[in-house]
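# Descriptive analysis of the structure
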Amino acid sequence: MDIRHLQYFIEVAMTGSFTQAAESLRVSQPTISKAIKDMEEELGVHLFDRTGKKAELTNDGQTVLAQSRDIVQSFENLTTGLNPDARAQKGKLRIGLPPMAGAGYFPEIIGRFHERYPGISLELMESGARKIEDDIESGALDIGVVLLPTKQQHIYHTIPIADERLAVIVHVGHPLASRESVTLKELAGQAFILFQEDFALHGRISAACLGAGFQPRIVCESSQWDFIGNLVAAKLGISLLPKIICRRMSPDRITVLPLADPVIPWSLAFVWRKDRYLSFAAREWIRFVRTFYPNV
């Protein structure tokens, strides 16, 4: 067993697929399969349950995964440490971005980082903030953007990057469209279009509605903010979105109303585990983000 076996194993564990791991690592699937089989024979355990559609880690596989990450990270640290010039040219970083955050905040910073470190591969995982936090906690992601406060604030380092509020969007012909602002209680009879449940905003909006005395009537859920906007414009219902996203809506189709009471914050931050080793790529990304947001 060598370091390449461990890298192949980690990739299969992260993707849940021998095929996707092979595509990501640009090797053949038989190469991946043989490496995993060799590991299982050498260790005397089954690493994956292959009976389902995905390659699921066994209990032994979970144990091997945790130790494999440490070994691979230590190896990467050793090799890059021996050649300072090579450190800026190599590496891989898994970053989780919610769709709204990715659209509003990060194309420029990602582009600049790539110019500075063209050899560092950025694997961008787009998902809801709740799942991103779970994936950072499990180690599937190195770093990601989540909605504050997190479930376990004490285990993360944090770089705040945005502090906004939610606003209400309605179609231009809606009875509320002429208002200067609305309260959450006034939305009690409306049909809501929300993000899916793995988005932190779903729970936050639902909790705020319950606090205002009503259960929101959710008629549709989506993972895409632009699709939500189109559904609102098509008169399917109303929604609540961060102001930075609301500014992208067409004023000919959508009216944006400030939410007066209660204010629902939308605070974003990059977070990463305090107790995890950081590769050179991760450390440089964090340093770069801090220079990009010097006042936070």
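Notes on the structure in this doc start here. (Residues numbered from 1 in each chain as written. Predicted model: local features only at pLDDT ≥ 70, side-chain atom pairs only at ≥ 80, totals over all residues. Heavy atoms only, no water.)

### Observations regarding the overall build of the protein
Of the regular secondary structure elements, the protein holds 12 helices and 12 strands. Within the protein, buried positions represent 48% of all 296 residues. Contacts in the protein between residues at least 24 apart in sequence constitute 76% of all its contacts with a sequence separation of at least 6. Total accessible area computed for the protein in this model is approximately 14,800 Å², and 50% of it derives from carbon and sulfur atoms. Charge separation in the protein, taken as the distance between the mean sites of 33 positive and 34 negative side-chain charges, equals 4 Å. (Helix = DSSP H or I, 4+ residues; strand = E, 2+ residues; numbered from the N terminus. Buried < 20%, exposed > 50% of the residue type's maximum accessible area, 1.4 Å probe, protein only. Contact = heavy atoms within 4.5 Å. Areas by Shrake-Rupley, 256 points an atom, 1.4 Å probe, with all protein chains shown as cover. Lys, Arg positive; Asp, Glu negative; His and termini not counted. Charge placed at Lys NZ, Arg CZ, Asp CG, Glu CD.)

### Things to note about the packing of helix H1 (residues 3-15) against helix H2 (residues 18-25)
At a minimum axis distance of 8 Å, the contact between H1 and H2 shows a crossing angle of 125°. The orientation of H1 with respect to H2, classified from their angle, is oblique. In this structure, the crossing between H1 and H2 has a hand that is right-handed. Side by side, H1 and H2 meet where Gln7, Tyr8, Glu11, Val12 and Thr15 of the first sit next to Phe18, Gln20, Ala21, Ser24 and Leu25 of the second. (Axes fitted to C-alpha atoms, helices over the stretch in contact; angles between N-to-C directions. Parallel < 35°, antiparallel > 145°, perpendicular 65-115°, else oblique. Left-handed = near helix turned anticlockwise from the far one by under 90°.)

### A few points about unusual backbone geometry
Following leucine 148, the chain continues to proline 149 via a peptide bond in cis, the omega torsion being 0°. You can see proline 149 is positioned in the loop between strand E5 (143-148) and strand E6 (156-171). Here the residue pair aspartate 261 and proline 262 is connected by a cis peptide bond, since its omega of -5° sits within 30 degrees of zero. We note that lysine 235 has phi near 70°; this positive angle belongs to a residue other than glycine.

### Some remarks on the packing of helix H7 (residues 107-116) against helix H12 (residues 280-292)
Taken N-terminus to C-terminus, the directions of H7 and H12 make an angle of 125°; their axes are 11 Å apart at the nearest point. Considered as vectors, H7 and H12 are oriented oblique to each other. Like other packed secondary-structure pairs, H7 and H12 cross with a definite hand, here right-handed. Seen from H7, the contacting residues are Glu108, Ile109, Ile110, Arg112 and Phe113; seen from H12, they are Ala281, Glu284, Trp285, Phe288, Val289 and Phe292. Taken together, the residues that form the contact of H7 with H12 break down as eight nonpolar, no polar and three charged. (Nonpolar A, V, L, I, M, F, W, Y, C, P; charged D, E, K, R; others polar.)

### Overview of the packing of aromatic side chains
The final tally for this structure, using the stated rule, is nine aromatic pairs. Between phenylalanine 18 and phenylalanine 48 the ring centres are 5.8 Å apart and the planes differ by 65°, which places this aromatic pair in the edge-to-face class. Taken together, the residues span a long stretch of sequence, with phenylalanine 18 in helix H2 and phenylalanine 48 in strand E1 (residues 48-49) at a distance of 30 residues. Of the residues examined, phenylalanine 48 reaches a relative accessible area of 3% and is grouped as buried. In this structure an aromatic cluster arises from ring pairing among Phe106, Phe113, Tyr117, Phe270, Trp285 and Phe288. (Phe/Tyr/Trp six-rings, centres within 6.5 Å; stacked < 30°, edge-to-face > 60°.)

### Considering the nonpolar core
Ranked by internal contacts, the top residues of the largest apolar core, which has 68 residues, are Phe106, Leu240, Phe270 and Trp285. No other element matches E6, which puts eight residues into this core. Residues contacting tryptophan 285, with those up to four places away along its chain left out, are Leu93, Ile95, Ile109, Ile110, Phe113, Leu122, Ile143 and Phe270. (Core = buried A, V, L, I, M, F, W, Y, C linked by side-chain atoms within 4.5 Å.)

### A closer look at the pattern of salt bridges
Applying the stated criterion to the full structure yields 13 salt bridges. Here arginine 50 makes a salt bridge to glutamate 40, at a shortest N to O gap of 3.3 Å. Of this pair, arginine 50 sits in the loop between E1 and strand E2 (56-57) while glutamate 40 sits in helix H3 (residues 29-43); the two residues are 10 residues apart in sequence, bridging distant segments of the chain. When the shortest N-O distance is used, the salt bridge between glutamate 123 and arginine 94 registers 3.9 Å. Linking glutamate 123 in strand E4 (residues 121-126) with arginine 94 in strand E3 (residues 92-97), this pair joins segments that are 29 residues apart in sequence. Of the two residues, glutamate 123 and arginine 94, neither departs from the other in class, the shared state being buried. Among the charged side chains, a network of salt bridges with common partners joins Glu11, Lys92, Arg94 and Glu123. (Salt bridge = Lys/Arg side-chain N within 4 Å of Asp/Glu carboxyl O.)

### Notes on the state of the cysteines
Under the definition given, this model contains zero disulfides. Note on cysteine 246: no disulfide assigned, nearest cysteine sulfur contributed by cysteine 209 at a separation of 15 Å. (Disulfide = S-S within 2.5 Å.)

Coordinates in, geometry out; function isn't part of it.
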